[in-house]
Amino acid sequence: MTSPSAPTRTRIKICGLTREADVDAAVEAGADAIGFVLYQKSPRAVTLERAAELASRLPPFVTPVLLFVNEDASAVMASLARVRGAIAQFHGEETSGQCEESTGPERFRYMRAARIPMGAAGAGFDLVKYASDYSHAQAILLDAHVEGYGGGGKAFDWSLLPPAVDAHLVLSGGLTPANVSDGIRILRTRCKTLSVDVSSGVEIDGPGNKGLKDAGKIRQFVTAVRAADASFSS
């Protein structure tokens, strides 16, 4: 777990990007990773070709992440090979074995999404066991369990998670510039390291704008994360 004296820097992923301007805005704001949804039933989905095109804009040390849901292993491997430096993010019902098959023996890195039940039921989710089951994952991404897969923009009860998880965690689901500092405060000391992942919380307001990001909201989100980090270091 993170010690109180350890340097604190929360990594930031902006997910569900579909436009060049949004990729550039996320990079300019200081994002560490950019997510592209390859699940075609998602309103934020892009084709592999489009993901590769957008990822080609990324400078060194900004990581492209490809989101999959119950995808064929060969398709996952081909996608990761197509987008240089990409990490896989599995959001479906993939077992540990399927994740390993889809990324090859230590060839590609991956994150595994844990879908945490909403409300009091979240206390019954055994995150310690889940992290152990997916011990080869680079990180466990925490998202709310909603109908469908990902992108629900709902937050689960962070306080119900275990006090100590031997894994790198990525907090997702319903994050916004207004609440991300609370999530960091609650979870920072409960895991090896904590990162955050936002999608709907930095999108343009109004119906029909899923996948269209607001550069101002992205900047506000990053500013809120950095402020939370500073509060741990002071």
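Details of the structure are given in the entry above.
From a predicted model like this one, the values you see are computed outputs, not experimental measurements.

Visitor: What exactly am I supposed to notice about the sheet that holds strand 7 (residues 169–171) here?
Guide: Note: strands within a sheet are paired through backbone hydrogen bonds, in either parallel or antiparallel orientation. Judged by pairing direction, the barrel is parallel, and its eight strands sit side by side in the order 1-2-3-4-5-6-7-8 before closing back on the first. In this sheet, neighbouring strand axes are inclined to one another by 30° on average, regardless of whether the strands run parallel or antiparallel. Pairing analysis gives four bridges linking strand 1 (residues 11–14) to strand 8 (residues 194–198), with the strands arranged parallel. Residue pairing across strands places Ile12 opposite Val196, the latter belonging to strand 8. Its contacts with the sheet place helix 3 (residues 73–82) against strand 3 (63–68) and strand 4 (87–90), and it is angled at close to 160° to strand 3.

Visitor: I keep staring at the packing of aromatic side chains and nothing clicks. Help me out?
Guide: Each aromatic ring pair is characterised by the separation of its centres together with the angle its planes make. Enumeration according to the criterion identifies four aromatic pairs in this entry. Relative to Tyr134, the ring of Tyr130 lies with its centre 4.8 Å away and its plane at 35°, an arrangement referred to as tilted. In terms of burial, Tyr130 and Tyr134 fall into one category: buried. Members of the aromatic cluster, joined through ring pairs, are Phe68, Phe90 and Tyr110. Taking NZ or CZ as reference, Arg188 lies 4.8 Å from the ring centre of Phe232, over its face.

Visitor: Would you take a moment to explain helix 4 (residues 96–103) for this structure?
Guide: Since there are 3.6 residues in each turn of an α-helix, residues three or four apart along the chain are aligned in direction. For helix 4, the complete set of buried residues consists of Cys99, Ser102 and Thr103. Angular distribution of buried residues about the axis of helix 4 spans 85°; they occupy a single face of the element. Where helix 4 is buried, its residues touch helix 3, strand 4 and strand 5 (110–116). Count one or two residues on from helix 4 and you reach Gly104, which has phi positive near 75°.

What counts as what
Residues numbered from 1 in each chain as written. Predicted model: local features only at pLDDT ≥ 70, side-chain atom pairs only at ≥ 80, totals over all residues. Heavy atoms only, no water. Pairing = 2+ DSSP bridges. Helix = DSSP H or I, 4+ residues; strand = E, 2+ residues; numbered from the N terminus. Axes fitted to C-alpha atoms, helices over the stretch in contact; angles between N-to-C directions. Contact = heavy atoms within 4.5 Å. Phe/Tyr/Trp six-rings, centres within 6.5 Å; stacked < 30°, edge-to-face > 60°. Buried < 20%, exposed > 50% of the residue type's maximum accessible area, 1.4 Å probe, protein only. Lys NZ or Arg CZ within 6 Å of the ring centre and 35° of its normal. Arc of directions from axis to C-beta.

Structural measurements only, silent on function.
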